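Descriptive analysis of the structure
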Amino acid sequence: MTNQQKIQSLRDELNTHNYNYYVLDNASISDYDFDVKLKELEKLEKENPEFFDPNSPTQRVGGSITKNFETVVHKNRMYSLDNSYSKEDLLDWEKRVQKVLGTTETEYTCELKFDGASINLTYQNGQFVKAVTRGDGFQGDEVTNNIKTIRSIPLSIKEDFVSNFEMRGEIILPIDGFNKMNEERVENGEEAYRNPRNTASGSLKLQDSTEVAKRPLDCLLYQVVTEERKYKTHFESLENARKVGFKVPETITLAKSIDEVFEFVNHWDTHRHDLPYETDGIVIKVNNLQQQEELGYTSKAPRWAIAYKFKAEQVSTKLNEITYQVGRTGAITPVANLEPVQLAGTTVKRASLHNADQIAKLDIRVGDTVFVEKGGEIIPKIIAVDFAKRPKNSEHTIYATHCPECNTELVRTEGDAKHYCPNEFGCAPQITGRIQHFISRKAMDIDGLGGETVDLLRKEGLITNYADLYDLKVEQVIPLERMAEKSAQNMIEGIEKSKEIPFEKVLFALGIRFVGETVAKKLAKHFKSIDNLMVADFETLIAVDEIGDRIAQSIIDFSSNLGNIQLINRLKASGVQLEVSAESLENQTNKLEGQIFVVSGVFHQMSRNELKKAIEDNGGKVSSSISKKTNFIVAGDNMGPSKLAKAENLGIAIISEQDFIDKIS
Ligand code: AMP
Ligand code: ZN
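Residues numbered from 1 in each chain as written. Chains lettered and ligands numbered in written order. Predicted model: local features only at pLDDT ≥ 70, side-chain atom pairs only at ≥ 80, totals over all residues. Heavy atoms only, no water.

The subject of this paragraph is the sheet that holds strand E11 (residues 305-309). The strand order E2-E11-E10-E3-E9 describes an open sheet built from five strands, whose pairing is mixed. Of all the strands in the sheet, just strand E2 (83-84) and strand E9 (253-255) have a single pairing partner and so form its edges. Strand direction decides the pairing type here: E2 and E11, joined by two bridges, are parallel. Bridged to Ser84 within E11 is Tyr308. (Pairing = 2+ DSSP bridges. Helix = DSSP H or I, 4+ residues; strand = E, 2+ residues; numbered from the N terminus.)

Here the focus is the coordination of the zinc ion (ligand 2). Six octahedral donors at a metal ideally form angles of 90 or 180 degrees, and four tetrahedral donors ideally form angles of 109.5 degrees. Surrounding the zinc ion (ligand 2) are the protein donor atoms Cys403 (SG), Cys406 (SG), Cys421 (SG) and Cys427 (SG), at 2.2 to 2.4 Å. The coordination sphere of the zinc ion (ligand 2) comprises four donor atoms, whose angles at the metal cover 100 to 115°; the geometry is tetrahedral. Sequence positions of the donors to the zinc ion (ligand 2) reduce to the motif C-x2-C-x14-C-x5-C. Here the residue Cys403 occupies a position in the loop between strand E16 (381-385) and helix H12 (428-439), and Cys427 occupies one in the loop between E16 and H12, the gap between them amounting to 24 residues. No difference in accessibility class separates Cys403 from Cys427, as the two residues are buried. (Donors = N, O, S within 2.8 Å, 3.2 Å for Na, K, Ca; no water. Tetrahedral: all angles 85-135°; square planar, octahedral: opposite > 155°, others 65-115°. Buried < 20%, exposed > 50% of the residue type's maximum accessible area, 1.4 Å probe, protein only.)

Right, let's talk about the environment of Asp545 for a bit. Mapped onto the secondary structure, Asp545 falls in the loop between helix H20 (538-542) and helix H21 (549-559). Along the primary structure Asp545 and Val519 are separated by 26 residues, whereas in three dimensions their C-alpha atoms are 9.9 Å apart. Leaving out residues up to four positions away in the same chain, Asp545 has contacts with Lys522 and Lys621. (Contact = heavy atoms within 4.5 Å.)

Before going further, it helps to examine the side chain of Asn146. Topologically, Asn146 is positioned in helix H4 (residues 144-148). Taking relative accessible area as the criterion, Asn146 reaches 1% and is therefore assigned buried. In this structure Asn146 touches Phe69, Ser203, Leu204, Lys205, Leu206, Asp208, Ser209 and Val212, once residues within four positions along its chain are discounted.

A few words now on unusual backbone geometry. You will see that Asp25, though not glycine, has its phi angle at about 60°, which is positive. Given the relative accessible area of 69%, Asp25 is considered exposed. Phi is positive for Glu546, which is not a glycine, with a value near 70°. Within the element layout of this structure, Glu546 appears in the loop between H20 and H21. Overall, Glu546 belongs to the exposed group, its relative accessible area being 52%.

Attention shifts here to helix H2 (residues 31-47). An ideal rise of 1.5 Å per residue puts 24 Å on 17 residues; H2 measures up with 24 Å between its terminal C-alpha atoms. The set of residues buried in H2 consists of Phe34, Leu38, Leu41, Leu44 and Glu45. End-on view of H2: buried residues confined to an arc of 125°, all on one side of the axis. Facing away from the buried side of H2 by over 90 degrees, the exposed positions are Tyr32, Lys39, Lys43 and Lys46. (Expected span 1.5 Å × (residues − 1). Arc of directions from axis to C-beta.)

For the rest of this paragraph, the subject is the sheet that holds strand E17 (residues 596-600). Picture the strands of a sheet paired through backbone hydrogen bonds; they go either parallel or antiparallel. Reading across the sheet, the four strands line up as E18-E17-E19-E20 and stay open at both edges, with parallel pairing between neighbours. Two strands close off the open sheet at either side, each with one partner strand: strand E18 (621-622) and strand E20 (653-655). Here helix H24 (residues 608-617) sits on the sheet and contacts E17, E18 and strand E19 (632-635); the angle it forms with E17, its principal contact strand, is near 175°. (Axes fitted to C-alpha atoms, helices over the stretch in contact; angles between N-to-C directions.)

All chains considered together, the criterion is met by 20 aromatic pairs. Consider the rings of Tyr297 and Trp304, whose centres lie 6.1 Å apart with planes at 80°: the pair is edge-to-face. The exposure class of Tyr297 is partly exposed, given its relative accessible area of 37%. Ring geometry for Phe597 and Phe632: centres 5.4 Å apart, planes at 25°, overall stacked. With a gap of 35 residues between them, Phe597 in strand E17 and Phe632 in strand E19 connect regions that are remote in the sequence. (Phe/Tyr/Trp six-rings, centres within 6.5 Å; stacked < 30°, edge-to-face > 60°.)

Our focus in this paragraph is the site of ligand 1. Around ligand 1, the neighbouring residues are Ser80, Leu81, Glu111, Leu112, Lys113, Phe114, Ser118, Arg134, Glu170, Tyr222, Val283 and Lys285. Interatomic distance of 3.1 Å between a backbone N/O atom of Leu81 and an oxygen atom of ligand 1. Summarising the interface, the protein chains cover 86% of the accessible area of ligand 1, which totals 500 Å² for the free molecule. Put simply, the parts of the chain that give the shell around ligand 1 at least two residues each are strand E3 (108-114) and strand E10 (279-286). Ranked by residue count, the leading element in the shell around ligand 1 is E3, at four residues. Among the residues forming the shell around ligand 1, the class breakdown is five nonpolar, two polar and five charged. (Near = heavy atom within 4 Å. Polar contact = N/O pair within 3.5 Å; in protein donor to acceptor, adjacent residues only side chain to side chain. Areas by Shrake-Rupley, 256 points an atom, 1.4 Å probe, with all protein chains shown as cover. Nonpolar A, V, L, I, M, F, W, Y, C, P; charged D, E, K, R; others polar.)

Right, let's talk about the nonpolar core for a bit. Core analysis: the largest hydrophobic core is formed by 55 residues, its most contacted members being Leu469 and Leu507. Split by domain, the residues of this core number at least three in each of domain 3 (428-500) and domain 4 (503-585). Sequence-distant contacts of Leu507, defined by excluding residues within four places in its chain, comprise Ile512, Ala520, Leu523, Ala524, Ile530 and Leu533. The next biggest cluster of nonpolar side chains, apart from the first, holds 37 residues, and it includes Phe69, Ala117, Val224 and Phe235. (Core = buried A, V, L, I, M, F, W, Y, C linked by side-chain atoms within 4.5 Å. Domains from an automatic or database assignment.)

Once that is clear, we can look at the pattern of salt bridges. On inspection of all chains with the given rule, the structure shows 35 salt bridges. When the shortest N-O distance is used, the salt bridge between Lys300 and Asp82 registers 3.2 Å. Taken together, the residues Lys300 in the loop between helix H10 (289-295) and E11 and Asp82 in the loop between strand E1 (71-73) and E2 connect sequence positions 218 residues apart. With a relative accessible area of 41%, Lys300 lands in the partly exposed category. Judged by its relative accessible area of 27%, Asp82 is partly exposed. When the shortest N-O distance is used, the salt bridge between Arg570 and Asp468 registers 2.8 Å. On the criterion of sequence distance, the pair formed by Arg570 in helix H22 (residues 562-574) and Asp468 in helix H14 (residues 466-469) is long-range, its members being 102 residues apart. The partly exposed category is assigned to Arg570, whose relative accessible area is 30%. Asp468 sits in the buried class, given a relative accessible area of 13%. Linked by salt bridges that have partners in common, Asp363, Arg365, Asp368 and Arg390 make up one network. (Salt bridge = Lys/Arg side-chain N within 4 Å of Asp/Glu carboxyl O.)

Shape is all these values report; function is a separate question.
Spelled out as structure tokens, the structure:
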């Protein structure tokens, strides 16, 4: 066999195993043997670079970094779906459909509505070429490298199918995989993801595709878009797509009438919780493609399809106890501890109660029978009390007055829904939480130190605040449980390295209440140093764009606290960046002061993000949508047609990338 043949045969073999495992759910090789073959292929490809193929199974492990996702205009617009909630709605829809078609001969497909992020996969000559998110329907972000890591998506189609086509589908995170990811995060002291849908869509925009490859993402397909008229019906096109390797769920069903549609709806309304992934409804489509074409689209959705939304599921159960959790900022969250009950396929024991007002508003009391509902979020919520079942001796809920962790009296400021434990420096979950936040990826990004270790270091009395991190010595850390010399060293090195982290991130890391990533950026840019920020008075603070009363007051509270002043001084002494570096100041001007820009399309001399940064560095403001207030639109290639029309309508100046560069240089 020639090298080329060897490479081809390994690729075919690995593709087949991938297909068996990820699409058919039926492993045909051990993980170990698979890895051996993959390594062999990697080696051969490296030795014979002339046979490189972007769709080789070796390309699925990730390794590429995408700094900026290019905006790509969809060849065929990605529409939304109209919703319906009852049998009457569906009958009305059928009437409209049949009126346009002038026939009562209509057949439908029923599919589950998968709850994830929509994706458009383009294939040319049977080869996968790109993947683009839905975006605003007209244009989305190209996420090809990340999508390639999803093993159930075929990268080349050999068998008989249409050759140029787009596959539309949904990127989802199966519930099992989602729960596993969360267990790991909680172990690492990170906050759990809220729901599979947001996590799936967030995954598509990760910069490092190796990270995407680690996530148990899947892709379920529901539409073939092509100009080749090979198939007469939607059902037939999907059945064939499944045959050539796409994961088209077998749940798709043909229905000859709306009554049959309703059988499908009723079945899945109760059985949907047995599925390995989340669904929030059913999608009904006119099956005949010719009829679909005749029906066409409204300004937002196809006339030939409609979604039917399930009602959020509800159960009632007893409220046994209300407990209180303390977050890193001292915020108190009341938690309802429930008599365990089955809801939407899982056993529910706890529900969020939000805050004191919510409890008072619904008059929730211990001993009550309450209605619990599960919507899009994993944590269910209490929506009402079943007053008929309230016990006679029931008593009003008196909200906690003291911290459950440190027994300090709680405070609540006007206009804030939450209570706080003010004992910032002495309340264990706040101490640990604040340091965990400080070291997290978007803040000081300290490698070699995890959330659990922070808690251990605190328990051992080695740290009680983030400034203490910079005084840690390897010798102090080594004796700790499960700490090897190497990891102790890594940890100290990681802490040392964080002294290079720029001021805006340090400011975020400090964990000042209401100062999130974006606010921290704004403040850093405006005040340039922690010293300037800490002496700013209320008026100065609220004069800054987008800084409101609540944030301003929080900064003043932080700055006037002696403990914080000491911490800042210690961080300064340790060499942490507490002012904007001279280098980044150099590129800043006021040339664009007061001007609002919208950036659209693809650029050549700089990336979208660089462009946005340049606008901000020169005192301008970037807005995501066009309005009367917009001063300029910087238009690259492929600017969205809807944006263009709007800009022209409002008479806003459209400038090119070069015009912009001239403006600031
Ligand atoms: P909506 O976002 O509520 O307007 O619903 C439209 C979205 O539903 C589409 O963009 C798809 O991402 C998603 N969807 C999920 N399952 C299906 C399906 N079987 N057929 C069509 N669209 C689906
Ligand atoms: Zn406390």
